[in-house]
Amino acid sequence: MTNHKRLWWLLGATLLVSFTLLGFFGREVYRQAPPLPETVVDADGHPLMTRGSILDGQQVWQSTGGQQMGSIWGHGAYQAPDWSADWLHREATALLELWARRDHGAAFAAIGAEQQAGLRERVRRELRTNTYDPATGVLTVGADRAAAIATVASHYADLYGGAPALRELREDYAMHENAVVDPARLEALTHFFFWTSWACAAERPGSTITYTNNWPHEPLIGNRPTGANVLWSIVSVVLLLAGIGALVWWKAFRGGDDEPAPAPAADPLSLLVVTPSMRATAKYLGVVIAVFGVQVILGALTAHYTVEGQHFFGLPLAKWLPYALTRTWHLQTAVFWIATAFLATGLFLAPAVGGREPRFQRLGVNVLFGALLLVVAGSLTGEFFSIHQKLGLDAGFWFGHQGYEYLDLGRAWQIALFTGLVLWLGLMLRGLWPALTRRDDHRTIVLMFTGASAAIGLMYAAGFFFGARTHLSVMEYWRWWVVHLWVEGFFEVFATAALAFVFARMGLVRPKHAGGAVVASSALFLLGGIPGTFHHLYFSGTPTSIMAIGATFSALEVVPLVLIGIEAFQTYRMQRAAAWMRRYRWPLRFFIGVAFWNLVGAGLFGFMINPPVALYYMQGLNTTPVHAHTALFGVYGLLSLGLVLTVARVLGGRRAWNERPLGYAFWAMNVGLSLMVVLSLLPIGLAQAWASVEHGLWYARSADFLQQPVLQALRWARLAGDVVFLSGVAALAWFMLGLLTGHSYRRSPAAAKAVLPQDAVSA
């Protein structure tokens with residue numbers, strides 16, 4: 001502990017500075033969010049909508065699946081349009097058509113180039129001029145714009161309301177029929193869409209930049225990247241190169257005081273006393289694999305809807321399981337099984353770290369298991385009823401669908417999940433307490449493991465700081481506290497500490513060096529990761545300062561990933577450190593896979609869309625799921641599976657595994673993921689990026705563009721990756737089932753000794 005005092009100071013200073021930045025500039029998100037007008041009126045003072053009706057529309061949007069069907073300000077699903085960008089383009093073209101026919105007696109496309117240029121300038125002034133009066137809270141629009149708003153609103157009412165004339169368009173958007181049937185809800189929904197579009201076009205008072213920093217790219221009204229956007233993109237690239245250079249210099253010139261310890265002659269983990277509570281975590285492992293299987297099937301169905309819209313090879317499944325629902329369940333089950341794997345690992349390791357079994361620990365593990373099953377079943381059921389419009393708006397938010405990606409589950413289920421996390425934290429602290437009172441070489445790892453556990457348990461509460469009618473910009477701020485900090489931040493620290501303990505317990509690394517490495521790597525990661533949360537908020541109605549902080553620090557998130565190649569090589573060498581390490585070769589290979597995808601998925605594909613100027617054109621395109629799939633499954637998914645296999649290996653005792661299905665599962669999942677990206681997601685995303693730069697985001701997300709034969713073929717090509725990936729999941733499930741039935745264990749003593757050397761057997 002004393003030897004790591006400087007590192008602890010570094011970590012403490014990192015947390016203090018990072019959260020200070022996150023909090024201070026979060027205040028600016030509140031202060032400079034686009035205003036919600038009390039009333040929107042036309043030139044004659046006739047009311048068109050109110051603050052209440054806009055917020056009602058926000059709740060209607062939430063009830064339909066929210067960000068799971070299309071997106072707002074670029075956040076959400078990718079098949080249907082971005083509704084804010086789509087409304088903006090439709091409103092601008094409606095005005096152009098109205099003026100061309102009234103003033104020139106012809107359609108806009110039929111008039112002369114000079115006349116078209118004049119009308120484009122006129123529509124630019126009309127939409128970018130901010131007519132909101134902060135003193136009265138009244139937003140005034142001209143008579144012509146009011147007519148254009150009515151035209152676009154009618155289109156959306158027909159689209160969501162199930163008008164037969166738009167059936168083919170709904171098929172293209174993968175929207176289910178009659179998504180909203182109540183006329184009052186339909187009207188409110190259009191009010192919300194108008195307001196999100198207005199914020200994209202209206203300039204901030206005293207500025208020439210819109211509330212969303214000129215996003216989306218829309219040539220008709222002059223929305224293009226700002227000077228700050230380009231400047232901070234350059235800064236982020238320079239900082240990335242400087243950070244990588246500094247890291248290489250440090251790695252080259254620092255002392256070689258972290259040489260690996262000589263491996264023990266026998267497997268130290270085989271000497272662990274498996275307590276009743278540790279054995280009770282076995283059922284968690286089964287749930288992880290079962291929910292993982294459900295999640296990938298839902299993913300395959302969701303991907304298929306992008307080519308058939310409302311059908312699965314001709315079957316009209318969307319009547320019961322529409323795209324918005326399968327995508328909701330696909331993301332929610334991913335969070336559930338990955339989180340369950342981490343919780344199970346913590347519950348398994350806590351008594352092992354602490355050295356004793358607390359009283360009633362097994363009871364607590366079992367109660368928590370039941371609570372988690374209740375949350376999973378209840379939340380998925382509520383989302384089904386919400387998307388099918390069977391719940392009231394307030395009841396839908398509480399028990400159905402919150403509408404926000406990764407936080408879809410109703411607020412009541414969210415509270416129940418947080419309660420479960422607090423119970424988990426209590427169980428963790430009870431198990432870890434003896435180790436916390438000891439002062440030995442493991443103390444640093446134990447403290448980091450405990451701190452990360454506390455952060456996982458408590459940081460989820462950030463999701464309670466917004467409600468159903470909270471301003472959209474403010475909601476996005478708190479949502480990313482959970483998605484980025486909870487999932488991408490402290491889960492990473494927890495995993496680092498857990499692996500450090502396992503490797504130290506195996507005798508493969510010295511505990512003192514492992515502890516120092518955990519503290520240092522956590523400080524480095526969180527320095528970029530915490531303020532880097534703002535890179536999700538460049539265009540969410542936030543000021544330029546958010547872009548500056550987000551671009552600067554998110555570039556630093558990539559720097560620690562440069563070490564991944566070295567770590568992967570060191571991890572690979574561990575399996576050859578001693579003969580008994582062959583028992584752990586497949587868990588270790590899963591950790592090696594994590595290292596690879598951390599660099600490629602989180603690093604390369606993440607930074608591809610992180611600089612502001614790149615994200616300006618790519619936000620809301622298929623370049624985002626390239627990063628999401630390779631980072632979420634490639635990093636956290638493989639890490640979770642590696643931890644599950646490590647726990648299963650210890651629970652299984654000294655019996656040798658039949659590893660053939662496990663080897664196939666590992667390679668099939670990694671190859672399948674690669675094929676998904678290379679054959680489908682990445683080329684579609686790059687094609688959309690080109691369309692976004694050339695024509696505008698509305699076009700890159702439009703049915704006209706996405707339904708082109710070549711893009712349809714690319715979507716079908718994903719089937720190859722999906723099939724390979726699913727076969728790997730099936731092999732993994734078969735192997736894990738075999739640990740229960742016995743068919744995954746080698747039966748021949750001679751075969752067992754071939755995998756388990758005599759020193760490990762005698763241990």
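Residues numbered from 1 in each chain as written. Predicted model: local features only at pLDDT ≥ 70, side-chain atom pairs only at ≥ 80, totals over all residues. Heavy atoms only, no water.

K.L.:
Kindly report on the overall build of the protein, identifying the contributing residues and their values.
P.N.:
A tally of regular secondary structure across the protein gives 28 helices and six strands. In terms of overall size, the protein behaves like a compact globule, its C-alpha atoms giving a radius of gyration of 27 Å where 763 residues would be expected to give roughly 27 Å. Taken along its principal axes, the extent of the C-alpha atoms in the protein is 95 × 55 × 45 Å. Looking at the protein residue by residue over its 763 residues, the buried ones come to 61%. For the protein, restricting intrachain contacts to residue pairs at least 6 apart in sequence, the fraction spanning at least 24 positions comes to 78%. On the protein, roughly 28,100 Å² of surface is accessible, and the fraction owed to carbon and sulfur atoms is 66%. Counting 55 positive and 46 negative side-chain charges, the protein places the centres of these two groups 16 Å from one another. (Helix = DSSP H or I, 4+ residues; strand = E, 2+ residues; numbered from the N terminus. Rg over C-alpha atoms; globule rule 2.2 N^0.38 Å. Buried < 20%, exposed > 50% of the residue type's maximum accessible area, 1.4 Å probe, protein only. Contact = heavy atoms within 4.5 Å. Areas by Shrake-Rupley, 256 points an atom, 1.4 Å probe, with all protein chains shown as cover. Lys, Arg positive; Asp, Glu negative; His and termini not counted. Charge placed at Lys NZ, Arg CZ, Asp CG, Glu CD.)

K.L.:
Please give an account of the pattern of salt bridges that cites residues and values.
P.N.:
Summed over the entire model, instances satisfying the criterion amount to 18 salt bridges. One salt bridge connects R31 with E28, and the closest N-O pair in it is separated by 2.7 Å. Of this pair, R31 and E28 both sit in helix α1 (residues 5-31), three residues apart, which is roughly one turn of that helix. Residue R327 is joined to E405 by a salt bridge in which the shortest nitrogen-to-oxygen separation is 2.9 Å. Highlighted residues: R327 in helix α11 (residues 323-354) and E405 in the loop between α13 (393-400) and α14 (411-437), separated in sequence by 78 residues. E405 shares its class with R327; the two are buried. Look at the salt bridges and you will find they share partners, linking R102, D103, R122 and D144 into a network. (Salt bridge = Lys/Arg side-chain N within 4 Å of Asp/Glu carboxyl O.)

K.L.:
Could you give me a rundown of the sheet that holds strand β2 (residues 47-50), with the residues and numbers involved?
P.N.:
Strand order across the open sheet formed by four strands is β2-β1-β6-β5, with mixed pairing between neighbours. Only two strands of the sheet have a single neighbouring strand rather than two, namely β2 and β5 (132-133). Bridge count between strand β1 (residues 39-41) and strand β6 (residues 138-140): three bridges; the pairing is parallel. Bridged to V41 within β6 is T140. Sheet strands in contact with helix α7 (residues 183-201) are β1, β2, β5 and β6, and its direction is about 90 degrees off that of β2. (Pairing = 2+ DSSP bridges. Axes fitted to C-alpha atoms, helices over the stretch in contact; angles between N-to-C directions.)

K.L.:
Run through the packing of aromatic side chains, naming residues and quoting values.
P.N.:
On inspection of all chains with the given rule, the structure shows 41 aromatic pairs. With centroids separated by 4.4 Å and ring planes inclined at 40 degrees, the aromatic side chains of F292 and W337 adopt a geometry described as tilted. Of the two residues, F292 sits in helix α10 (residues 282-308) while W337 sits in helix α11, which places them 45 residues apart along the sequence. The two residues F292 and W337 agree in class, both being buried. Through a chain of ring-to-ring contacts, the aromatic side chains of W61, W83, W87, Y156, Y160, Y173, F192, F193, F194, Y404 and F466 assemble into a single cluster. Taking the ring centre of W99 as reference, the NZ or CZ of R122 above it sits at 4.0 Å. Stacked on the ring of Y745, the Lys or Arg R655 has its end atom at 4.0 Å from the ring centre. (Phe/Tyr/Trp six-rings, centres within 6.5 Å; stacked < 30°, edge-to-face > 60°. Lys NZ or Arg CZ within 6 Å of the ring centre and 35° of its normal.)

K.L.:
How would you sum up the side chain of R718? Please name residues and give values.
P.N.:
Mapped onto the elements, R718 comes out in helix α26 (residues 709-741). By relative accessible area, R718 is classed as buried at 12%. Apart from the residues within four sequence positions on either side, R718 is in contact with G299, A303, H629, M676, S680 and L681.

K.L.:
How would you summarise the nonpolar core if you had to cite specific residues and measurements?
P.N.:
Residues W83, Y160, F193, F292 and M669 are the most contacted members of the largest nonpolar core, which totals 224 residues. Dropping the residues within four chain positions of it, M669 is found in contact with F292, F590, F633, L641, F725, G728, V729 and L732. (Core = buried A, V, L, I, M, F, W, Y, C linked by side-chain atoms within 4.5 Å.)

K.L.:
How would you explain the environment of Q402 if you had to name every residue and give the values?
P.N.:
In this structure, Q402 sits in the loop between α13 and α14. The spacing of Q402 and T630 is 228 residues in sequence and 26 Å in space, taken between C-alpha atoms. Not counting residues up to four positions away in its chain, the partners in contact with Q402 are Q62, F397, L407, D408, L409, G410, R411, Q414 and F466.

K.L.:
Could you give me a rundown of the side chain of T302, with the residues and numbers involved?
P.N.:
Relative to the helices and strands, T302 is located in helix α10. Within the structure, the side chain of T302 is placed 2.8 Å from the backbone oxygen of L298, a separation counted as a polar contact. Within the local environment of T302, its side chain forms a polar contact with the side chain of T326, the two groups lying 2.9 Å apart. Ignoring sequence-local partners within four residues, the contact set of T302 consists of Y323, T326, R327 and H330. (Polar contact = N/O pair within 3.5 Å; in protein donor to acceptor, adjacent residues only side chain to side chain.)

K.L.:
Help me get a handle on helix α12 (residues 361-387), residues and values and all.
P.N.:
Since the α-helix turns once every 3.6 residues, residues separated by three or four places project in the same direction. In this model, α12 (27 residues) spans 39 Å end to end at C-alpha, consistent with the 39 Å of a helix rising 1.5 Å per residue. Taken from the residues just after α12, Q389 is the one with a positive phi, measuring 60 degrees. (Expected span 1.5 Å × (residues − 1).)

K.L.:
So what's going on with unusual backbone geometry? Residues and values would help.
P.N.:
For the bond running from W215 to P216, omega is 0 degrees, close enough to zero to count as cis. Within the fold, P216 resides in the loop between α7 and α8 (227-253). Phi angles above zero are rare outside glycine, and N213 is one such case at about 55 degrees. Tracing the sequence through the fold places N213 in the loop between α7 and α8.

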